[in-house]
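Fold and contact review
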Amino acid sequence: MTVRHDGLTVDWLGYATLRLEGEETVVYVDPGRYGVLTGEWEPDTEGIGHPPSQDYRAGDGDVVCVTHVHHYDPDGIERVASDDATVVAFEGIDGQAADRDLPPLDELPYEIRRVGTKESLTTDAGVRVWSVPAYNERDGPNTRPDGTPYHPEGFGCGFVLDVEGTRILCPGDTDVLPGHRSIDVSLFCPPIGQRFTMDRHEAARLAATIDPDLVLPIHYNTFSTQEIDSRAFAADVAEAGVPVVLDER
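Model, not experiment: these values are computed from the prediction.

How each quantity is defined
- Residues numbered from 1 in each chain as written.
- Predicted model: local features only at pLDDT ≥ 70, side-chain atom pairs only at ≥ 80, totals over all residues.
- Heavy atoms only, no water.
- Helix = DSSP H or I, 4+ residues; strand = E, 2+ residues; numbered from the N terminus.
- Rg over C-alpha atoms; globule rule 2.2 N^0.38 Å.
- Buried < 20%, exposed > 50% of the residue type's maximum accessible area, 1.4 Å probe, protein only.
- Contact = heavy atoms within 4.5 Å.
- Areas by Shrake-Rupley, 256 points an atom, 1.4 Å probe, with all protein chains shown as cover.
- Lys, Arg positive; Asp, Glu negative; His and termini not counted.
- Charge placed at Lys NZ, Arg CZ, Asp CG, Glu CD.
- Pairing = 2+ DSSP bridges.
- Axes fitted to C-alpha atoms, helices over the stretch in contact; angles between N-to-C directions.

**Brief notes about the overall build of the protein**
In terms of regular secondary structure, the protein is built from 4 helices and 13 strands. Rg of the C-alpha trace for the protein: 17 Å, near the compact-globule value of 18 Å for 249 residues, within the 12% margin. Dimensions along the principal axes, computed over C-alpha positions, put the protein at roughly 45 × 45 × 35 Å. Taking all 249 residues of the protein together, 59% fall into the buried category. Restricting to contacts in the protein with at least 6 residues of sequence separation, those with at least 24 account for 61%. For the protein, the exposed surface amounts to about 10,300 Å²; the carbon and sulfur share of it is 42%. Taken together, the 19 basic and 46 acidic charged side chains of the protein have centroids lying 3 Å from each other.

**Section: the sheet that holds strand β3 (residues 17–21)**
Strand order in the open sheet made by the 7 strands is β1-β2-β3-β4-β5-β6-β7, with mixed pairing throughout. Where the open sheet ends on each side, the last strands, each with one partner, are β1 (3–5) and β7 (111–115). The average angle at which neighbouring strand axes cross in this sheet is 20°, direction not considered. Inspection of the sheet shows strand β6 (residues 81–90) paired to β7 by 5 bridges, in the parallel sense. Pairing of Val88 across the sheet is with Arg113, part of β7.

Below you can see the structure in the form of structure tokens.
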């Protein structure tokens, strides 16, 4: 379903893909991967509440934001971006794309704006973008057997976006970090799929702390290691007095 909030329409299109549309501006975050935009994705478990895969080629995105190389999908970008789109991408993707047999950012036919973990910019479409740190803590819950984080510090970023006056937090693939607790936004879109990101309990506690006007979770139930009880997450957030919605089909 499409979620309407504060003058925006918001769609979780699967995995980490988020679409934000105002009256004049369309923004995507982390489009693609795992076939969610090609019609090829199939759930590991039936009835888990993930958006269905579709052959999606809207080509309407004014701004496309990419948090890190795991979500860098040139085909996904091409499917959502307009011809004059601006791609705002974490700067570390350049050094990691070749290892995943992906083209460098400069080969994309769009304006490319690179960001680190603490930067800000305004795109030609008038979208304000702030990058924020995103990583898994060493020796925390989201590490490999040898203790190495799946997303070490400096591997990627999250984004705070101002789309036509509405501020949105898309934290990226990250644990809950101290800096998250002081971010003021209207819409909070946490990843709640566990193992590689904050889990539903951590995300619910963060939602209660930052107290946004609405919480819309993403990045869960795409495959078996991310399967969680999203309704339990929603109940925890609602119990804290924070509005929450699940964009599930």
